[in-house]
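So you can see what is in the structure, the chains are spelled out below.
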Amino acid sequence: MSETVAIVVVTYNRADLLAGMLAGLAALERAPDAVVVVDNASTDHTAQVLAEADVPGLQVVRSEDNLGGAGGFHLGVRTAYEQGFDRVWLMDDDVVPAPDCLTVLMALDEDCLMAVREDRQGRLCEKAATRFDLTNPLAIKPKTSMVETDFGTRAAMPPLVELENVAFEGFMARRRVIDAIGLPDPSYFIFYDDVDYAVRARAAGFRIWAVRDAVLVRQLDFDQQHDLAGWKGYYMYRNLFVVHLRYGTNLAVRLKPWLITAVVVLLSPLRGGRAEARNVIRAMRAARSMRALPTREPSGG
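Procedures and definitions
- Residues numbered from 1 in each chain as written.
- Predicted model: local features only at pLDDT ≥ 70, side-chain atom pairs only at ≥ 80, totals over all residues.
- Heavy atoms only, no water.
- Helix = DSSP H or I, 4+ residues; strand = E, 2+ residues; numbered from the N terminus.
- Disulfide = S-S within 2.5 Å.
- Buried < 20%, exposed > 50% of the residue type's maximum accessible area, 1.4 Å probe, protein only.
- Pairing = 2+ DSSP bridges.
- 1 Å grid on protein atoms, 1.4 Å probe; cavity = no way out; pocket = protein on both sides within 12 Å on 5 of 7 lines; lining within 4 Å.
- Points joined across faces, edges and corners; volume = space filled by probe spheres on them.
- Nonpolar A, V, L, I, M, F, W, Y, C, P; charged D, E, K, R; others polar.
- Patch = residues over 30% accessible without salt bridge, like charges linked within 9 Å, V, L, I, M, F, W, Y side chains within 5 Å.
- Areas by Shrake-Rupley, 256 points an atom, 1.4 Å probe, with all protein chains shown as cover.
- Salt bridge = Lys/Arg side-chain N within 4 Å of Asp/Glu carboxyl O.
- Phe/Tyr/Trp six-rings, centres within 6.5 Å; stacked < 30°, edge-to-face > 60°.
- Lys NZ or Arg CZ within 6 Å of the ring centre and 35° of its normal.

Colleague: It is not clear to me how the environment of Ala23 should be interpreted in this structure. Could you clarify?
Modeller: Mapped onto the secondary structure, Ala23 falls in helix H1 (residues 15-26). In sequence terms Ala23 and Pro97 are 74 residues apart; their C-alpha atoms lie 9.6 Å from each other.

Colleague: Whenever I open this one, the state of the cysteines confuses me. Can you help?
Modeller: Each disulfide is one covalent bond, formed between the sulfur atoms of two cysteines. Scanning all chains against the criterion turns up 0 disulfides. Summary of cysteine pairing: Cys112 is not part of a disulfide, and the nearest cysteine sulfur, belonging to Cys101, is at 16 Å. Judged by its relative accessible area of 0%, Cys112 falls in the buried class. Unpaired in this structure, Cys125 has its nearest cysteine sulfur neighbour in Cys101, at a distance of 13 Å.

Colleague: Even after reading the chapter, I still don't get the pairing of strand E11 (residues 208-218), so can you show me in this structure?
Modeller: Regular strands place their side chains on alternate faces of the sheet. Buried residues dominate E11, accounting for 8 of its 11 residues. Inspection of the sheet shows strand E5 (residues 95-97) paired to E11 by 3 bridges, in the antiparallel sense. Looking at the pairing, Val96 lines up with Val217 of E11.

Colleague: Is there a simple way to think about empty space enclosed by the protein in this case?
Modeller: If a probe as big as a water molecule is rolled over the atoms, it shows which places are left empty. Here the structure, examined in full by the defined rule, presents 1 cavity of 30 Å³ or more. In this structure, the largest cavity spans a volume of roughly 40 Å³. What lines the largest cavity is Val77, Val88, Leu90, Phe171, Ala173, Ile178, Pro184 and Tyr197. Looking at the lining of the largest cavity, the elements that each hand over two or more residues are strand E4 (87-92) and strand E10 (171-174). Here the residues of the lining of the largest cavity sort into 8 nonpolar, no polar and no charged.

Colleague: Sorry if this is basic, but what is going on with a nonpolar patch on the surface here?
Modeller: On the surface, a cluster of nonpolar side chains totalling about 520 Å² of accessible area is made up of Leu259, Val263, Leu266, Leu267 and Leu270. Here Leu259 shows up in helix H9 (residues 251-267). Residue classification places Leu259 among the exposed positions, given a relative accessible area of 52%.

Colleague: Can you walk me through the packing of aromatic side chains in this structure?
Modeller: For any pair of aromatic rings, the description consists of the separation of the ring centres together with the inter-plane angle of the planes. Going through the model one piece at a time under the given rule, you end up with 8 aromatic pairs. Seen from their ring centres, Phe171 and Tyr197 are 6.4 Å apart, and the 80 degrees between their planes marks the pair as edge-to-face. With Phe171 in strand E10 and Tyr197 in helix H7 (residues 193-203), the pair connects residues that are 26 residues apart, well separated along the chain. For the residue pair Phe171 and Tyr197, the accessibility class agrees, reading buried in each case. Plain terms: the ring middles of Tyr237 and Phe241 are 5.9 Å apart, the flat faces sit at 35 degrees to each other, and that makes the pair tilted. Here Tyr237 and its partner Phe241 are both found in helix H8 (residues 231-247), 4 residues apart, which amounts to about one turn of the helix. Taken together, the aromatic side chains of Phe73, Phe168, Phe171 and Tyr197 make up a single cluster linked through ring pairs. One cation-aromatic arrangement involves Arg175 over Tyr81; the distance from NZ or CZ to the ring centre is 3.8 Å.

Dropping the structure here:
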């Protein structure tokens, strides 16, 4: 029997990108059963784009506050789950799926799947980790390998590549995954909510596969060089620390955030200055309060 699928999109003040993305959804060979767009209190012309969109099954959920990507995906997945769909496919507003992307994903009998991202020039830019190391305290960055660096081109990939983390930009999960591990954690606000979800899924026994022939095209280049002294830097530090505190497999890994904090503060006169030092101290303090695992809802239904 054919499974149903809802697409969950989170958007905030990127109406022009959203318009192109919605056009891509409308052009899918296999139409989704619903498209849930969470508008994170946008102040641009997002409402007009959504009102004019010709996308079957479109549902708009507008938040009165900007919940961040994490809060938006929490709300969107909850909305789709409560409507009983068999699968939920998550994506940002800056990607456009190939027309056969959903067809390819739905043909696979796997619980957790990830579409593979390319840039507008057709180059592989899939940064989901094939190795995310929470066992080695010497691995400063736990992502030690990823699809892009492992294979170089999409043509060089095998049909399925096992992943250890994902991005909420092409990740698909069956309902039984949500039953088992609950909803994405909204407290991350931005960054690492998708990593957290992948770690939880794998801990529950689910395997995650990148699907070579399911393609998403990114409309923006990746910007991995965030200002660690700015507001995004605070969330990057805090959420990286939370992942280590929650899921580090040994004491040395769980102590690594403290070491990073000390090193950043010690080197602050030579790099980010007082602002980065303040960020990392605040981040460490906040991460300690978040280390408890999120509520394991929903547990079925």
